Amino acid sequence: MRHYDHRVHAGNAGDVWKHFLLLEAASCLLDPESSLVYAESHVGRPEYVLKAPGDWEGGIGKCWPLLPSLRTFCYFDILYELNPDSRIGINAGDLSRGSLIYPGSARLVLELAKRKGARILGEIWDIDPEVAASWRACSKSDLMTFHQGDGFAGIAEMLGRSPPGLLFVDPPYIDPKDAGLAKRLLDRACISGWIVLWWYMTDMKTISPGVYPAAVPGSGNIEGYDSGKYILEKFDLDFERIGLNGGRWKGSTVALAGSGGPRSEQVARHLHQRSKELMCIVSDAIS
Ligand SMILES: C[S@@+](CC[C@H](N)C(=O)[O-])C[C@H]1O[C@@H](n2cnc3c(N)ncnc32)[C@H](O)[C@@H]1O
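Residues numbered from 1 in each chain as written. Predicted model: local features only at pLDDT ≥ 70, side-chain atom pairs only at ≥ 80, totals over all residues. Heavy atoms only, no water.

## Points about the overall build of the protein
Note the following rule: Counting from the N terminus, the helices are the DSSP runs of H or I reaching at least four residues and the strands are the DSSP runs of E reaching at least two. Residue exposure (1.4 Å probe, protein chains only): buried if accessible area is under 20% of the type maximum, exposed if over 50%, otherwise partly exposed. Residue contacts are counted whenever heavy atoms from the two residues lie within 4.5 Å of one another. Residue-level accessible areas treat just the shown protein chains as cover; the underlying method is Shrake-Rupley with a 1.4 Å probe.
Each helix and strand counted, the protein has 10 helices and nine strands in total. Across the 287 residues that make up the protein, the buried fraction comes to 53%. Contacts in the protein between residues at least 24 apart in sequence constitute 78% of all its contacts with a sequence separation of at least 6. Accessible surface, the protein: about 12,600 Å² in total, of which carbon and sulfur atoms supply 51%.

Below, the structure written as C-alpha coordinates:
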(Lines give C-alpha, C1' and ligand atoms only; values in the text may rest on other atoms or scores of the structure.)
Protein backbone atom coordinates (compact mmCIF):
# COMPACT_ATOMS: atom_id res chain seq x y z
CA MET A 1 0.00 0.00 0.00
CA ARG A 2 1.28 3.48 -0.88
CA HIS A 3 2.11 5.80 1.99
CA TYR A 4 0.14 9.05 2.05
CA ASP A 5 1.77 12.16 3.49
CA HIS A 6 -0.51 15.17 3.72
CA ARG A 7 2.39 17.60 4.26
CA VAL A 8 2.82 18.05 0.51
CA HIS A 9 -0.91 18.71 0.02
CA ALA A 10 -1.77 20.79 3.10
CA GLY A 11 -3.58 24.03 2.34
CA ASN A 12 -4.50 22.93 -1.19
CA ALA A 13 -7.77 23.87 -2.89
CA GLY A 14 -9.52 20.79 -1.43
CA ASP A 15 -8.36 21.68 2.09
CA VAL A 16 -9.73 25.22 1.72
CA TRP A 17 -13.20 23.92 0.85
CA LYS A 18 -13.35 21.11 3.44
CA HIS A 19 -11.90 23.20 6.26
CA PHE A 20 -14.20 26.12 5.51
CA LEU A 21 -17.26 23.82 5.70
CA LEU A 22 -15.97 21.82 8.68
CA LEU A 23 -15.50 24.96 10.74
CA GLU A 24 -18.86 26.41 9.75
CA ALA A 25 -20.54 23.12 10.75
CA ALA A 26 -18.62 23.02 14.04
CA SER A 27 -19.48 26.64 14.68
CA CYS A 28 -23.16 25.76 14.41
CA LEU A 29 -22.79 22.91 16.91
CA LEU A 30 -20.48 24.52 19.47
CA ASP A 31 -22.28 26.34 22.24
CA PRO A 32 -20.49 28.37 24.92
CA GLU A 33 -19.86 26.44 28.13
CA SER A 34 -20.99 23.16 26.65
CA SER A 35 -19.22 20.20 25.06
CA LEU A 36 -19.18 18.77 21.56
CA VAL A 37 -18.10 15.21 20.86
CA TYR A 38 -15.82 15.39 17.82
CA ALA A 39 -14.32 12.43 15.99
CA GLU A 40 -12.07 12.10 12.96
CA SER A 41 -11.10 8.88 11.20
CA HIS A 42 -8.09 10.23 9.23
CA VAL A 43 -6.83 13.24 11.14
CA GLY A 44 -3.36 14.07 9.81
CA ARG A 45 -1.02 16.37 11.76
CA PRO A 46 -2.01 19.15 14.15
CA GLU A 47 -0.31 21.69 11.91
CA TYR A 48 1.77 22.16 8.80
CA VAL A 49 4.41 24.66 7.77
CA LEU A 50 3.71 25.76 4.22
CA LYS A 51 6.74 26.45 2.06
CA ALA A 52 6.98 26.97 -1.69
CA PRO A 53 6.64 25.13 -3.93
CA GLY A 54 3.52 23.36 -2.70
CA ASP A 55 -0.09 22.55 -3.55
CA TRP A 56 -1.13 25.29 -1.09
CA GLU A 57 -0.12 27.95 -3.63
CA GLY A 58 -3.21 27.03 -5.69
CA GLY A 59 -5.36 26.85 -2.56
CA ILE A 60 -4.93 28.99 0.54
CA GLY A 61 -2.16 30.95 -1.23
CA LYS A 62 -4.76 32.25 -3.72
CA CYS A 63 -7.06 33.29 -0.84
CA TRP A 64 -4.37 35.03 1.17
CA PRO A 65 -4.67 38.50 -0.39
CA LEU A 66 -8.42 38.38 0.37
CA LEU A 67 -7.98 37.34 3.97
CA PRO A 68 -8.99 40.68 5.52
CA SER A 69 -12.37 40.51 3.76
CA LEU A 70 -12.82 36.82 4.58
CA ARG A 71 -12.41 37.22 8.33
CA THR A 72 -16.15 37.01 8.80
CA PHE A 73 -15.67 33.23 8.32
CA CYS A 74 -14.09 31.51 11.31
CA TYR A 75 -11.77 29.33 9.17
CA PHE A 76 -10.12 32.31 7.48
CA ASP A 77 -10.06 34.36 10.66
CA ILE A 78 -8.16 31.61 12.51
CA LEU A 79 -5.56 31.52 9.71
CA TYR A 80 -5.28 35.29 9.90
CA GLU A 81 -4.73 35.21 13.65
CA LEU A 82 -2.20 32.37 13.51
CA ASN A 83 -0.01 34.19 10.96
CA PRO A 84 0.50 37.70 12.32
CA ASP A 85 3.54 38.35 10.10
CA SER A 86 1.85 37.46 6.81
CA ARG A 87 -1.45 39.20 7.07
CA ILE A 88 -2.38 41.89 4.66
CA GLY A 89 -1.99 42.50 0.96
CA ILE A 90 0.42 39.68 0.41
CA ASN A 91 0.29 37.69 -2.79
CA ALA A 92 1.26 34.06 -3.23
CA GLY A 93 4.59 35.15 -4.77
CA ASP A 94 5.58 37.08 -1.65
CA LEU A 95 4.32 34.27 0.54
CA SER A 96 6.71 31.83 -1.13
CA ARG A 97 9.60 33.65 0.48
CA GLY A 98 8.31 33.10 3.99
CA SER A 99 6.37 30.32 5.61
CA LEU A 100 2.85 30.00 6.86
CA ILE A 101 1.42 27.99 9.68
CA TYR A 102 -1.53 25.97 8.44
CA PRO A 103 -3.51 24.08 11.09
CA GLY A 104 -4.93 20.66 10.23
CA SER A 105 -8.62 19.89 10.64
CA ALA A 106 -8.59 18.87 14.32
CA ARG A 107 -6.45 21.82 15.38
CA LEU A 108 -8.83 24.16 13.54
CA VAL A 109 -11.76 22.68 15.46
CA LEU A 110 -9.86 23.14 18.74
CA GLU A 111 -9.08 26.78 17.92
CA LEU A 112 -12.72 27.43 17.15
CA ALA A 113 -13.89 25.78 20.38
CA LYS A 114 -11.45 27.96 22.36
CA ARG A 115 -12.89 31.09 20.74
CA LYS A 116 -16.42 30.00 21.51
CA GLY A 117 -15.70 29.07 25.11
CA ALA A 118 -16.81 25.51 24.37
CA ARG A 119 -15.20 22.17 25.14
CA ILE A 120 -14.28 19.46 22.64
CA LEU A 121 -14.44 15.82 23.64
CA GLY A 122 -12.29 14.64 20.78
CA GLU A 123 -11.19 11.23 19.54
CA ILE A 124 -9.01 11.18 16.47
CA TRP A 125 -7.29 8.44 14.45
CA ASP A 126 -4.35 8.23 12.07
CA ILE A 127 -2.40 5.19 11.00
CA ASP A 128 0.95 6.90 10.42
CA PRO A 129 3.50 6.68 13.30
CA GLU A 130 5.02 10.02 12.26
CA VAL A 131 1.61 11.67 12.54
CA ALA A 132 1.24 10.04 15.98
CA ALA A 133 4.61 11.55 17.00
CA SER A 134 3.51 15.00 15.78
CA TRP A 135 0.45 14.83 18.07
CA ARG A 136 2.57 13.70 21.03
CA ALA A 137 4.85 16.71 20.45
CA CYS A 138 1.94 19.13 20.14
CA SER A 139 0.95 21.37 23.04
CA LYS A 140 -2.73 20.68 22.27
CA SER A 141 -2.34 16.90 22.56
CA ASP A 142 -4.13 16.76 25.92
CA LEU A 143 -7.25 18.31 24.37
CA MET A 144 -8.01 15.33 22.10
CA THR A 145 -7.42 11.60 22.43
CA PHE A 146 -5.23 10.47 19.57
CA HIS A 147 -5.31 6.80 18.53
CA GLN A 148 -2.71 5.38 16.22
CA GLY A 149 -4.47 2.84 14.01
CA ASP A 150 -7.08 2.30 11.35
CA GLY A 151 -9.67 5.07 11.60
CA PHE A 152 -12.49 3.10 9.98
CA ALA A 153 -12.26 0.34 12.60
CA GLY A 154 -11.51 2.78 15.43
CA ILE A 155 -14.55 4.96 14.82
CA ALA A 156 -16.80 1.92 14.28
CA GLU A 157 -15.83 0.75 17.76
CA MET A 158 -16.28 4.25 19.19
CA LEU A 159 -19.85 4.49 17.91
CA GLY A 160 -20.84 1.73 20.32
CA ARG A 161 -19.58 3.57 23.42
CA SER A 162 -19.80 7.32 22.78
CA PRO A 163 -22.66 9.77 22.68
CA PRO A 164 -23.14 11.19 19.17
CA GLY A 165 -21.47 14.34 17.89
CA LEU A 166 -19.71 15.57 14.77
CA LEU A 167 -17.70 13.08 12.68
CA PHE A 168 -15.32 14.09 9.90
CA VAL A 169 -14.32 11.38 7.42
CA ASP A 170 -11.37 12.40 5.25
CA PRO A 171 -9.53 9.34 3.89
CA PRO A 172 -6.65 9.67 1.41
CA TYR A 173 -8.26 7.24 -1.11
CA ILE A 174 -4.94 5.52 -1.80
CA ASP A 175 -6.74 2.23 -1.20
CA PRO A 176 -9.63 1.50 -3.60
CA LYS A 177 -11.59 0.20 -0.58
CA ASP A 178 -11.59 3.63 1.12
CA ALA A 179 -14.75 4.93 -0.60
CA GLY A 180 -16.83 1.87 0.39
CA LEU A 181 -15.47 1.84 3.94
CA ALA A 182 -16.17 5.57 4.32
CA LYS A 183 -19.75 5.14 3.12
CA ARG A 184 -20.34 2.20 5.47
CA LEU A 185 -18.95 4.19 8.41
CA LEU A 186 -21.11 7.17 7.50
CA ASP A 187 -24.26 4.99 7.47
CA ARG A 188 -23.43 3.46 10.84
CA ALA A 189 -22.66 6.84 12.39
CA CYS A 190 -25.93 8.33 11.10
CA ILE A 191 -27.93 5.43 12.55
CA SER A 192 -26.28 6.25 15.90
CA GLY A 193 -27.35 9.92 15.64
CA TRP A 194 -24.08 11.51 14.48
CA ILE A 195 -23.75 14.39 12.04
CA VAL A 196 -21.13 13.46 9.45
CA LEU A 197 -19.04 15.41 6.98
CA TRP A 198 -17.45 13.29 4.27
CA TRP A 199 -14.91 14.76 1.88
CA TYR A 200 -13.84 13.66 -1.60
CA MET A 201 -12.37 15.11 -4.78
CA THR A 202 -14.49 15.24 -7.91
CA ASP A 203 -13.65 15.03 -11.59
CA MET A 204 -10.11 14.57 -12.68
CA LYS A 205 -9.28 17.11 -15.35
CA THR A 206 -6.76 15.15 -17.31
CA ILE A 207 -8.45 11.86 -18.14
CA SER A 208 -11.25 10.88 -20.45
CA PRO A 209 -14.37 9.49 -18.79
CA GLY A 210 -14.36 5.72 -18.68
CA VAL A 211 -10.58 5.36 -18.65
CA TYR A 212 -10.52 4.49 -14.97
CA PRO A 213 -12.78 2.21 -12.94
CA ALA A 214 -15.21 3.86 -10.50
CA ALA A 215 -12.91 3.85 -7.49
CA VAL A 216 -9.37 4.81 -8.45
CA PRO A 217 -6.57 4.50 -5.90
CA GLY A 218 -5.56 7.98 -4.88
CA SER A 219 -8.31 9.61 -6.89
CA GLY A 220 -11.06 10.13 -4.40
CA ASN A 221 -13.50 9.05 -7.11
CA ILE A 222 -16.39 7.61 -5.17
CA GLU A 223 -18.91 7.20 -7.95
CA GLY A 224 -21.75 4.96 -6.82
CA TYR A 225 -21.09 5.57 -3.13
CA ASP A 226 -22.06 9.22 -2.85
CA SER A 227 -25.77 8.62 -2.54
CA GLY A 228 -27.88 7.04 0.10
CA LYS A 229 -30.59 7.81 2.51
CA TYR A 230 -28.43 9.59 5.08
CA ILE A 231 -26.77 12.12 2.77
CA LEU A 232 -28.67 15.34 3.36
CA GLU A 233 -26.73 17.70 1.11
CA LYS A 234 -23.65 17.74 -1.06
CA PHE A 235 -21.57 20.89 -1.21
CA ASP A 236 -19.65 20.96 -4.48
CA LEU A 237 -16.97 23.41 -5.42
CA ASP A 238 -15.52 23.93 -8.88
CA PHE A 239 -12.11 25.30 -7.92
CA GLU A 240 -11.76 27.62 -10.89
CA ARG A 241 -15.06 29.27 -10.03
CA ILE A 242 -13.47 30.95 -7.04
CA GLY A 243 -10.03 31.39 -8.53
CA LEU A 244 -8.37 28.32 -6.97
CA ASN A 245 -6.11 25.88 -8.75
CA GLY A 246 -6.57 22.24 -7.74
CA GLY A 247 -3.92 20.85 -10.10
CA ARG A 248 -5.31 17.75 -11.78
CA TRP A 249 -8.58 18.10 -9.86
CA LYS A 250 -11.49 20.15 -11.11
CA GLY A 251 -13.27 20.33 -7.78
CA SER A 252 -14.22 18.67 -4.52
CA THR A 253 -17.32 17.81 -2.55
CA VAL A 254 -18.23 17.68 1.10
CA ALA A 255 -21.28 15.55 1.81
CA LEU A 256 -23.27 16.36 4.93
CA ALA A 257 -25.05 13.33 6.39
CA GLY A 258 -27.29 12.68 9.35
CA SER A 259 -30.47 10.91 10.19
CA GLY A 260 -32.45 14.16 10.09
CA GLY A 261 -33.68 16.16 13.05
CA PRO A 262 -33.43 19.86 13.85
CA ARG A 263 -29.67 19.93 14.50
CA SER A 264 -28.64 18.47 11.15
CA GLU A 265 -31.19 20.63 9.32
CA GLN A 266 -29.79 23.69 11.08
CA VAL A 267 -26.26 22.72 9.97
CA ALA A 268 -27.46 22.19 6.37
CA ARG A 269 -29.12 25.61 6.26
CA HIS A 270 -26.10 27.28 7.81
CA LEU A 271 -23.66 25.68 5.34
CA HIS A 272 -25.85 26.76 2.42
CA GLN A 273 -25.97 30.33 3.62
CA ARG A 274 -22.28 30.59 4.42
CA SER A 275 -21.17 28.96 1.14
CA LYS A 276 -23.31 31.46 -0.74
CA GLU A 277 -21.74 34.34 1.19
CA LEU A 278 -18.24 33.03 0.50
CA MET A 279 -18.96 32.70 -3.23
CA CYS A 280 -20.24 36.29 -3.36
CA ILE A 281 -17.20 37.78 -1.64
CA VAL A 282 -14.71 35.79 -3.67
CA SER A 283 -16.45 36.25 -7.03
CA ASP A 284 -16.63 40.03 -6.47
CA ALA A 285 -12.95 40.12 -5.57
CA ILE A 286 -11.70 38.13 -8.56
CA SER A 287 -14.01 39.65 -11.20
C1 LIG B 1 -6.13 13.64 3.77
S2 LIG B 1 -5.06 13.32 5.14
C3 LIG B 1 -5.93 13.99 6.49
C4 LIG B 1 -6.03 15.47 6.51
C5 LIG B 1 -6.79 16.03 7.70
N6 LIG B 1 -8.06 15.35 7.90
C7 LIG B 1 -7.02 17.51 7.54
O8 LIG B 1 -8.07 17.88 6.97
O9 LIG B 1 -6.18 18.31 7.98
C10 LIG B 1 -5.31 11.61 5.35
C11 LIG B 1 -4.59 11.00 6.55
O12 LIG B 1 -5.07 9.64 6.64
C13 LIG B 1 -4.04 8.86 7.22
N14 LIG B 1 -4.40 7.45 6.96
C15 LIG B 1 -4.20 6.67 5.87
N16 LIG B 1 -4.80 5.47 6.03
C17 LIG B 1 -5.42 5.49 7.23
C18 LIG B 1 -6.25 4.59 7.95
N19 LIG B 1 -6.58 3.38 7.46
N20 LIG B 1 -6.73 4.95 9.15
C21 LIG B 1 -6.43 6.17 9.68
N22 LIG B 1 -5.64 7.07 9.06
C23 LIG B 1 -5.16 6.75 7.85
C24 LIG B 1 -2.78 9.38 6.56
O25 LIG B 1 -1.67 9.08 7.38
C26 LIG B 1 -3.09 10.89 6.47
O27 LIG B 1 -2.53 11.57 7.56
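Structure's up, so let's keep going.
## A few points about the packing of aromatic side chains
Basically, it comes down to this: Two rings from Phe, Tyr or Trp (for Trp, the six-membered ring) form a pair when their centres are within 6.5 Å of each other. A pair whose planes differ by under 30 degrees is stacked, one over 60 is edge-to-face, and the rest are tilted. For a lysine, the NZ atom is tested; for an arginine, the CZ atom; a charge sits over a ring if that atom is within 6 Å of the ring centre and within 35 degrees of the ring normal.
Under the defined criterion, the tally for this structure stands at eight aromatic pairs. On the numbers, 6.4 Å between centres and 25° between planes, the contact of tryptophan 135 with phenylalanine 146 is stacked. Here tryptophan 135 is found in helix α7 (residues 129-136), whereas its partner phenylalanine 146 is found in strand β5 (residues 144-148), with 11 residues between them in sequence. Feature note: the residues Trp17, Phe20, Phe73, Tyr75, Phe76 and Tyr102 constitute an aromatic cluster, connected by ring pairs. Positioned above the aromatic ring of tryptophan 199 is the side chain of lysine 18, whose terminal nitrogen or guanidinium carbon lies 4.1 Å from the ring centre.

## Considerations on the site of the ligand
Stated precisely, the cut-off is as follows: Only a single heavy atom is needed: when it lies within 4 Å of a molecule or strand, its residue is near that molecule or strand. For the purposes of these results, a polar contact is taken to be a pair of N or O atoms within 3.5 Å, where, inside protein, one atom must be able to donate a hydrogen and its partner to accept one; residues adjacent in sequence count only when each atom of the pair is a side-chain atom. Basically, the charged four are Asp, Glu, Lys and Arg, the nonpolar ten are Ala, Val, Leu, Ile, Met, Phe, Trp, Tyr, Cys and Pro, and anything else, Gly included, counts as polar.
Neighbouring residues of the ligand: 19 residues in total, closest His19, Asp126, Asp150, Gly151 and Asp170. In the model, an oxygen atom of the ligand is placed 2.7 Å from a nitrogen or oxygen of the aspartate 126 side chain. Among the residues forming the shell around the ligand, the class breakdown is four nonpolar, nine polar and six charged.

## Some thoughts on the pairing of strand β9 (residues 249-257)
To keep it simple, the criterion reads: By this definition, two strands are paired if DSSP reports at least two bridges between them.
Along β9, eight of the nine residues are buried, which leaves the element largely enclosed by surrounding structure. Where strand β8 (residues 231-238) and β9 come together, seven bridges link them in antiparallel fashion. Note on β9: the bridge partner recorded for lysine 234 is alanine 255.

## Focus on the side chain of histidine 42
Looking at the secondary structure, you find histidine 42 in the loop between β1 (35-40) and β2 (47-50). Overall, the relative accessible area of 16% leaves histidine 42 in the buried class. A polar contact is formed between the side chain of histidine 42 and the side chain of serine 41, at a distance of 2.8 Å. Residues contacting histidine 42, with those up to four places away along its chain left out, are Trp125, Asp126, Phe152, Asp170, Pro171 and Pro172.

## Here we look at the packing of helix α1 (residues 13-29) against helix α10 (residues 262-286)
We apply this condition: Axes here refer to lines fitted to C-alpha atoms; in helices the fit is confined to the stretch in contact. Angles between the N-to-C directions go from 0 to 180 degrees. Geometric relationships in this document are graded by angle, where less than 35 degrees denotes roughly parallel, more than 145 denotes roughly antiparallel, 65 to 115 denotes roughly perpendicular, and other angles denote oblique. In this scheme the crossing of two helices becomes right-handed for a clockwise turn of the near helix relative to the far one and left-handed for an anticlockwise turn of less than a right angle.
Following both chains from N to C, one finds α1 and α10 inclined at 135°, their axes separated by 9 Å at the closest point. It follows that α1 is oblique to α10 by the angle criterion. Pair α1 / α10 crosses with right-handed handedness. Packed against α1, whose contacting residues are Trp17, Phe20, Leu21, Glu24, Ala25, Ser27, Cys28 and Leu29, the element α10 presents Arg263, Gln266, Val267, His270, Leu271, Arg274, Ser275, Leu278 and Met279 at the interface. Partitioned by chemical class, the residues of the contact of α1 with α10 number 10 nonpolar, four polar and three charged.

By themselves these figures say nothing about function.
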